[in-house]
Amino acid sequence: DPESDADLAVLGDALQEHGVTRVVIRYEGSGDSGSVGDVEMDPVDATSPRWVADRLCDVAEGYCPAGYENNESGYGSLTVYPALGLAELAHHDRYEDTEPMGVQPATLPEKLRQRLDALGVQGVAAHFDGCGDSGQFDIVTVTPDGVVLDPGLWDELEELLLEQLPGGWEINEGSFGMFRVTVRTGRITAEAYGRVEQDGDAEVTRWKWRK
């Protein structure tokens, strides 16, 4: 019940005693862990006892939305106006979105196409996934069933496919998609998407602990 928050009442009085008109406590979540600790006071030359800043961080953490540090995580701030008895929590969720990478169709080198054709390969579908500065093909399907690519042939084809992706495709959030190779025509097509981290709009809650 924020409107009867005894901690804010005590802290608000302590802040007023030290001439603080506004205090902002910021929090950040990432990688399934979160932290609260950036405390900014107005006016900039205002000072307060260390216990006040520490307790403000504890109070802010109590108001952080549950699970703000999980998955794509979230961040925000608790702003306190001591003289007004007013508090404001502004929270942003992060979420993952995708955008097309625009990988253009390509053509198999004729010698490679002939080697695949001689082996009886009609098509290859190769799914790739990159994240955290590493990437790989994790699912490779060859048609017709029963035809197996020898390691040397696959290495050559893999290198060719990876050359079609833009540099950095595996960095940070990375990218993912599917290459499709039609041996008869030698055509290579790709459906490729980059992962993009987005920030949601602020969810703002305001309340007064002093009437």
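Criteria and cut-off values
Per chain, residue numbering runs from 1 following the sequence as it is written. Per-residue local features are limited, in this predicted model, to residues with pLDDT of at least 70; the limit for side-chain atom pairs, both in listing and counting, is 80 or more; totals at the level of whole chains, interfaces and linings are taken over all residues. In computing side-chain values, all of the structure's heavy atoms are included and hydrogens and water are not. We call Phe, Tyr and Trp rings a pair once their centres come within 6.5 Å, taking the six-membered ring for Trp, and we label the pair stacked below 30 degrees between planes, edge-to-face above 60, and tilted otherwise. Only DSSP runs of H or I covering at least 4 residues are called helices, and only runs of E covering at least 2 are called strands; the numbering of each starts at the N terminus. Each residue gets one of three labels from its accessible area relative to the maximum for its type: buried under 20%, exposed over 50%, partly exposed in between, using a 1.4 Å probe on protein chains only. Note on geometry: axes are C-alpha line fits, over the in-contact stretch for helices, and angles between N-to-C directions span 0 to 180 degrees. Left-handed is the label given to a crossing in which the near helix is rotated counterclockwise from the far helix by less than a right angle, and right-handed is the label when the rotation is clockwise. It only takes one pair of heavy atoms within 4.5 Å for two residues to be counted as in contact. In this classification, the charged set is Asp, Glu, Lys and Arg, the nonpolar set is Ala, Val, Leu, Ile, Met, Phe, Trp, Tyr, Cys and Pro, and all remaining amino acids, among them Gly, are polar. A pair of strands counts as paired when DSSP detects no fewer than two bridges linking them. The term polar contact refers here to a pair of N or O atoms within 3.5 Å; inside protein, the definition further demands a hydrogen-donor-capable atom paired with an acceptor-capable atom, and it admits residues adjacent in sequence only when both atoms are side-chain atoms. For patch building, the residue pool is restricted to those with more than 30% relative accessible area and no salt bridge; the joining distance is 9 Å between like charges and 5 Å between nonpolar side chains (Val, Leu, Ile, Met, Phe, Trp, Tyr). Every accessible area reported is derived by Shrake-Rupley at a probe size of 1.4 Å, with residue values counting cover from the shown protein chains alone. Any carboxyl oxygen of Asp or Glu within 4 Å of a side-chain nitrogen of Lys or Arg constitutes a salt bridge here. None of His or the chain ends enter the tally, which takes Lys and Arg as positive and Asp and Glu as negative. Lysine's charge is taken at NZ, arginine's at CZ, aspartate's at CG and glutamate's at CD. Multiply 1.5 Å by the residue count of a helix minus one, and that product is the helix's expected span. Of all possible arcs, the one meant is that of the directions from the helix axis to the C-beta atoms.

**Student:** Kindly report on the packing of aromatic side chains, identifying the contributing residues and their values.
**Tutor:** Taken as a whole and assessed by the stated rule, the structure comprises seven aromatic pairs. Between the aromatic rings of Phe137 and Phe179, the centroid separation amounts to 6.2 Å while the plane-to-plane angle is 50°, which identifies the pairing as tilted. Note that Phe137 is positioned in strand E7 (residues 134-143) and Phe179 in strand E8 (residues 175-182), a separation of 42 residues in sequence. Overall, the relative accessible area of 1% leaves Phe179 in the buried class.

**Student:** Describe the packing of helix H1 (residues 6-17) against helix H2 (residues 50-63), listing the residues and the values that go with them.
**Tutor:** Running from amino to carboxyl end, H1 crosses H2 at an angle of 145°, the nearest separation of the two axes being 11 Å. Helix-helix and strand crossings are classified by hand; for H1 and H2 the assignment is left-handed. Along its contact with H1, which presents Asp7, Leu8, Val10, Leu11, Ala14 and Leu15, the element H2 presents Trp51, Val52, Arg55, Leu56, Val59 and Tyr63. For the contact of H1 with H2, the residue count by class is ten nonpolar, no polar and two charged.

**Student:** Break down the pairing of strand E4 (residues 86-100) for me, citing the residues and quoting the values.
**Tutor:** Both strand E3 (residues 74-81) and E4 contribute to a ladder of eight bridges, which runs antiparallel. In the sheet register, Tyr75 faces E4, and the bridge partner there is His92. Between the end of E3 and the start of E4, which pair antiparallel, lie four residues, with Gly85 showing a positive phi angle near 65°. Bridge analysis of E4 against strand E10 (residues 203-208) gives six bridges, and the strand direction is antiparallel.

**Student:** Quick one: what's the story with the side chain of His91, residue by residue and with numbers?
**Tutor:** Examined against the element boundaries, His91 turns out to sit in strand E4. At a separation of 2.9 Å, a polar atom in the side chain of His91 contacts the side chain of Asp93.

**Student:** Can you explain a negative patch on the surface? Please cite residues and give values.
**Tutor:** Residues Asp150, Asp155, Glu159 and Glu163 make up a contiguous surface patch of negative charge. With respect to the helices and strands, Asp150 occurs in the loop between E7 and helix H4 (151-163). Judged by its relative accessible area of 39%, Asp150 is partly exposed.

**Student:** If you had to explain H1 to someone new, which residues and values would you point to?
**Tutor:** For an α-helix the count is 3.6 residues per turn, leaving residues at separations of three or four pointing the same way. Given a rise of 1.5 Å per residue, twelve residues ought to cover 16 Å, and the 17 Å separating the end C-alpha atoms of H1 matches this to within 8%. As for H1, its buried residues are in contact with strand E1 (22-30), strand E2 (33-42), H2, E3, E4 and E10. Among the residues trailing H1, Gly19 stands out with phi positive, at a value near 75°.

**Student:** Summarise H2; cite the residues concerned and give the values.
**Tutor:** Between its first and last C-alpha, H2 extends 21 Å over 14 residues, near the 20 Å set by a 1.5 Å rise per residue. Of the positions making up H2, those classed as buried are Val52, Ala53, Leu56, Cys57, Val59, Ala60 and Tyr63. On an axial view of H2, the arc spanned by its buried residues comes to 165°, and they lie on one face. When the buried face of H2 is taken as reference, the exposed residues oriented beyond 90 degrees from it are Arg50 and Gly62.

**Student:** Could you give an account of the pattern of salt bridges, with specific residues and numbers?
**Tutor:** Side-chain pairs of opposite charge can arise where the charged atoms are in close proximity. Under the definition given, this model contains twelve salt bridges. The residue Glu40 makes a salt bridge to Arg22 at a minimum N-O spacing of 3.5 Å. Linking Glu40 in strand E2 with Arg22 in strand E1, this pair joins segments that are 18 residues apart in sequence. Measuring nitrogen to oxygen at the nearest pair gives 2.5 Å for the salt bridge that ties Glu156 to Arg115. Separated by 41 residues along the polypeptide, Glu156 in helix H4 and Arg115 in helix H3 (residues 110-118) bring together distant segments of the chain. Taking the relative accessible area as the measure of exposure, Glu156 reaches 35% and is therefore partly exposed. Connected via shared salt-bridge partners are Arg22, Arg26, Glu40 and Asp42.

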